[in-house]
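Structure assessment
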Amino acid sequence: MLLVTTALEKTWGQTQQILFLGGWCKLYARKPIWQARSHETLDYNWDDKELFRSDSAWLDKVYEQLLAELADALNKVHGTSHTDKYWRVLVGPWLGFFIQIAFQRWSSIDNATRTFPVSETILVTNKVFYLVPNDILEFVGLFSGDEWNHYICGRIIQFQNKLTCHFLSPDFLDKDIVSTPKIYSSGHKLKQFLLAAWNKCFLPFTSDKDLFFVATGLPKIKELLLKIRMGQMPQYSMSVDVPKITINADLRRWRLEGSGPTDFESFIREIIPSQIPKAYVEGYEQLAKLVKTLRWPKSPKIIFTAVGHVYDDVAKLYMADKMEKGSGLVIGQHGGGSFHAINFQTEHELTICDLYLSPGNGNTWHPKVRDTGQTFARSWSSDPNGYGLLMQLDTPRFSYSISTTTQSDDFNQYLRDQFRFVDALPSKIRDCFTVRLHAVDSGRGQKIQWKERFPTLTIDDGHRNVHALFAKAKLIVCTYAGTTYNQTLAANAPTVIFWDTKYEQLHEAAQPLFNELIRVGIFHKTPESAAAHISRVWSDLQGWWGSAELQEVREKYCTSFASIPSNSLDLVASAINEKLQKTKCEVDN
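Read on for an overview of the structure. The shown structure was predicted, so the numbers you read here are calculated from the model rather than taken from an experiment.

**What to know about the overall build of the chain**
Helix and strand content of the chain: 22 helices and 16 strands. In the chain, buried positions account for 57% of the 589 residues. In the chain, 74% of the contacts between residues at least 6 apart in sequence involve partners at least 24 apart. By element, 51% of the accessible surface of the chain is carried by carbon and sulfur atoms, the whole surface being about 24900 Å². The chain carries 65 positive and 64 negative side-chain charges, and their two centres are separated by 5 Å.

As C-alpha cells, this is what we get:
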C-alpha cells in the first residue's frame, strides 16, 4: 500500500492501492482521478479535540524549550548576545507555526504506519536544503501549498524509517517560489511615492524618540490623526520588503543542543537548522544594516502595530532591537471579538507586548488588555427589501497553527453544515439568498460544489466589495468565529450566526454572552436551528431585530467585544499615554 501525503499526483504511483494521509490530498477538481484509484483516507488526527488540547499543551512546552535553544544557537552563529525575548519577537512566530505544522504531519504519518499496511511512498527529493523560505511571508505561502508539505512529510518519513522511499527526478520541483501572499501591503507604487513625499515634508520635525507606528490596521487618516493626538508630526510608516537572500549551507552546520524523550523532539531539532528562514540566518546581518538605514525613530518610547509583529521581518527585527533597549510594544487586536479558547498567535502577542488594545471590555480579564473600541468600524443601513447574505470561510487545506478554529479536514464538516443550512431553508427564502465565497479557494472547489448542489443559488465569488454587499442585504448570516459578525453587530445590521462549537471554540469568558445571543435568536449551534429561526422571522425581520430584548443583548455584546465609541482614537491615545507614564515612573524609581 502506497502512502500519499499531498495532492501532487506524480507521487501517486500507477496502480498501487493508496492511503491518502488526509483529505487535503484530494482536490475536488481532480475527483475523477482519485476516485478511480483504489484508496483509503486517514482520519484527521485533530478531529479529536481532547487529543488536540493535550497536544497543544505539550507543544507549548516544546516550543519554549526550543526557543531557548534556538536563541543560543543564533547568538553563536551571529556573534551576538541578544536576550531570549529578542529572538522570541523575531523568530518566535515562525518557530511556533513550524513546530505545530511538523507535529501534525508527524502524528498523521505515525498513525498511518501503525494502522494501515503501508509499505512505500514516492518522494520528490532527499535534499537537505530545499524550499527554504526567504522570510516569514514566504513561509506563509509555502505552508499552504503541496510542494512544501510534501517535502516536510518526506523528511519525517525518512527520519521514522518505516517505509521504502522511491525518488522522482531531482529537478521535479526545483524552481523559485513565487506568488507569495502578502498579509498586508502599502499599496501600489504611486501611493507609496505620495506617502514617501508626505513623510519627507515632515522629516525635519520628527524626533528619534517619537512613537513608531507600523502595520497598525488603522485607516491611514485615522493613523495620522492618532499621531497628532500623541503630539507627533503626521508621518506614515511604510513596510519594507525583505531582500531576496541566497542560502549558505556553511552557516547552517549547527544543531540545537537540547534533548527530549520523544523521537519527534529529535526530529524537530534536526530539521530546524535546514528550514529556518534565510532572513534569520544568511540575511540577518543584511537586515540589521537595512534597519539602520531606515528613517525610523532610533529610540522610540512606544512601538504600535497590529500585524507587523508577526508577518513583517524587517519591522520585527527593528522591534526586537528597540524593545531590548527599553521601548514598549503596544499591539492592536486584529479583527476584534473574543479570544479563542486556544490560539498560539494570540498567546504570542500577549507574551511579547506591554499593552494590548481590544475593541471592548470582554477580553480585559487579561491584565495587559485595554478596551479602546473598534478603530476600524464601518456603518451602513441595511436594505429591508434586500437579500440574505451567507458569509463563507476558506482556510488552507493543511493545518498550520494551534488554534480552536476550523482548520484542514475540519473544513469538510464546515461545508456540510453550510449545505445543511441552505437545505433547511424554505425554497422561497432560499431563492432570496446570496452565498459570499472567500476570494481565494484553497483547492476545495467551493464554487463548483455549491453550483452542483444548488444550481439556481446566487454565488458571489468574493471579489466584490463586501461592505457594498452588506448595504444591500436584509440579513447577514455569519458562519465562523471571525471579524464579520463583530462588524455587523456593531453596525446594528440584522445578523444570524451559527457554527459547530466543536470546531470554533471561544474563550470561556465569552460563554455567558453567547448564551444571551442564543436566547434572542442571534447565535445557533446547528444549521437547522439557524434556518428554522430565519424562517420564523423572515417576514418581519425588522420586528425581530428591533425588539428591546434583542437590542439590549446586542448592545451588551458590543460593549464587550465590538464597541464603537465616538472617541476611539482618544481612548487609544489615552491607553498609550498611560503606558508611557507608567514606563517613566518605573525609570524614575
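Now that the structure has been shown, we can carry on.
**Here we look at the pattern of salt bridges**
Counted by the stated rule, this structure contains 28 salt bridges. Here Asp250 makes a salt bridge to Arg253, at a shortest N to O gap of 3.2 Å. On the basis of relative accessibility, which here comes to 58%, the residue Asp250 falls in the exposed class. A single network of salt bridges, built from pairs that share partners, joins Asp110, Arg114 and Lys162.

**Focus on the pairing of strand S11 (residues 387-391)**
A regular strand carries its side chains on alternate faces of the sheet. The buried fraction of S11 is high, at 5 of 5 residues. Of the two faces of S11, the one holding Tyr387, Leu389 and Met391 and the one holding Gly388 and Leu390 are both buried throughout. For S11 and strand S14 (residues 473-478), the ladder comprises 4 bridges, and the chain directions are parallel. Among the inter-strand pairings, Leu390 is bridged to a residue of S14, identified as Val477. Bridge count between S11 and strand S12 (residues 433-436): 4 bridges; the pairing is parallel. Opposite Gly388, over in S12, you have Phe433 as the bridge partner.

**Focus on the sheet that holds strand S9 (residues 355-358)**
Overall, parallel pairing links the 5 strands, which are arranged S6-S7-S8-S9-S10 in an open sheet. Because the sheet does not close on itself, it has two edges, and the strands there are strand S6 (212-213) and strand S10 (369-371). Where strand S7 (residues 302-305) meets strand S8 (residues 328-332), 4 bridges bridge the pair, whose relative direction is parallel. Its bridge partner being in S8, Ile303 is matched across the sheet by Leu329.

**Considering the packing of aromatic side chains**
Counting across every chain of the model gives 44 aromatic pairs. Each ring, one from Phe339 and one from Trp365, has its centre 6.0 Å from the other, and the planes form 85°; the classification is edge-to-face. Highlighted residues: Phe339 in the loop between S8 and helix H12 (344-352) and Trp365 in the loop between S9 and S10, separated in sequence by 26 residues. Residue classification places Phe339 among the buried positions, given a relative accessible area of 5%. Take Trp365: its relative accessible area is 41%, and that puts it in the partly exposed class. Aromatic pair Phe514 and Tyr557: ring centres 5.9 Å apart, planes at 85°, arrangement edge-to-face. Separated by 43 residues along the polypeptide, Phe514 in helix H18 (residues 511-519) and Tyr557 in helix H21 (residues 548-561) bring together distant segments of the chain. Residue classification places Phe514 among the buried residues on the basis of a relative accessible area of 5%. What makes Tyr557 buried here is its relative accessible area of 0%. Members of the aromatic cluster, joined through ring pairs, are Trp58, Phe103, Trp106, Phe159, Phe264 and Phe267.

**Focus: the sheet that holds S11**
Spatially, S13-S12-S11-S14-S15-S16 is the arrangement adopted by the 6 strands of the open sheet, whose pairing is parallel. Of all strands in the sheet, those bounded by a partner on one side alone are strand S13 (458-460) and strand S16 (523-524). In terms of strand pairing, strand S15 (residues 495-498) meets S16 through 2 bridges, oriented parallel. Along S16, the bridge assignment pairs Ile497 with Phe523. Of the strands in this sheet, S11, S12, S14 and S15 are in contact with helix H13 (residues 410-424), which crosses S11 at around 165°.

**Describing unusual backbone geometry**
The general pattern is negative phi for most residues beyond glycine and trans for most peptide bonds. Of note in this structure, Asn161 is not a glycine but carries a positive phi near 60°. Its location among the elements puts Asn161 in the loop between helix H5 (146-160) and strand S5 (164-167). According to the relative accessible area criterion, Asn161 is exposed, its value standing at 63%. Of note, the phi angle at Ser408 is positive, near 50°, even though the residue is not glycine. For Ser408, the position within the fold is in the loop between S11 and H13.

**Focus: the pairing of S12**
Side chains Phe433 and Val435 of S12 all project onto a buried face; the interleaved residues Thr434 and Arg436 project onto the opposite face, where all are buried too. The handedness of the S12 to S13 crossover, carried by helix H15 (residues 446-453), is right-handed.

**What to know about the packing of helix H3 (residues 84-115) against H5**
Direction vectors running N to C along H3 and H5 enclose 60°, while the axes themselves pass 10 Å from each other. Considering the angle they form, H3 stands oblique to H5. Read as a crossing pair, H3 and H5 show a hand that is right-handed. Residues Phe98, Ile101, Ala102, Arg105, Trp106, Ile109 and Asp110 of H3 pack against Trp148, Asn149, Ile152, Cys153, Ile156, Ile157, Phe159 and Gln160 of H5.

Quick notes on the rules
- Counting of residues starts from 1 at the beginning of each chain's written sequence and follows it residue by residue.
- Selection of residues for local features in this predicted model requires a pLDDT of at least 70, selection of side-chain atom pairs for listing and counting requires 80 or more, and totals for whole chains, interfaces and linings are taken over all residues.
- Water and hydrogen atoms play no part in the side-chain values, which are based on all heavy atoms of the structure.
- Helix and strand labels come from DSSP, where a helix needs a run of H or I of at least four residues and a strand needs a run of E of at least two; each type is numbered from the N terminus.
- Buried means the residue's accessible area, taken with a 1.4 Å probe over protein chains only, is under 20% of the maximum for its type, while exposed means over 50%, and partly exposed covers the values in between.
- We call two residues in contact when some of their heavy atoms are within 4.5 Å.
- Only the protein chains shown count as cover for residues, with accessible areas throughout obtained via the Shrake-Rupley method and a probe of 1.4 Å.
- The charge count includes Lys and Arg as positive and Asp and Glu as negative, but it does not include His or the ends of the chains.
- The atoms used to mark charge sites are NZ of Lys, CZ of Arg, CG of Asp and CD of Glu.
- A pair is scored as a salt bridge if a Lys or Arg side-chain nitrogen falls within 4 Å of a carboxyl oxygen belonging to Asp or Glu.
- When DSSP finds two or more bridges between a pair of strands, those strands are recorded as paired.
- Only Phe, Tyr and Trp rings are paired, with Trp represented by its six-membered ring, and only when their centres lie within 6.5 Å; those with planes under 30 degrees apart are stacked, over 60 edge-to-face, the remainder tilted.
- Axis geometry follows a simple rule: fit a line to the C-alpha atoms, using only the stretch in contact for helices, then measure angles between N-to-C directions, giving values from 0 to 180 degrees.
- Throughout, right-handed denotes a crossover for which the path from the first strand over the helix to the second runs clockwise when the strands point away from the viewer.
- Should an angle fall under 35 degrees it is taken as roughly parallel, and over 145 as roughly antiparallel, whereas 65 to 115 is taken as roughly perpendicular and any remaining angle as oblique.
- Two helices cross in a left-handed way if the nearer one is turned anticlockwise from the farther one by less than a right angle. They cross in a right-handed way if the turn is clockwise.

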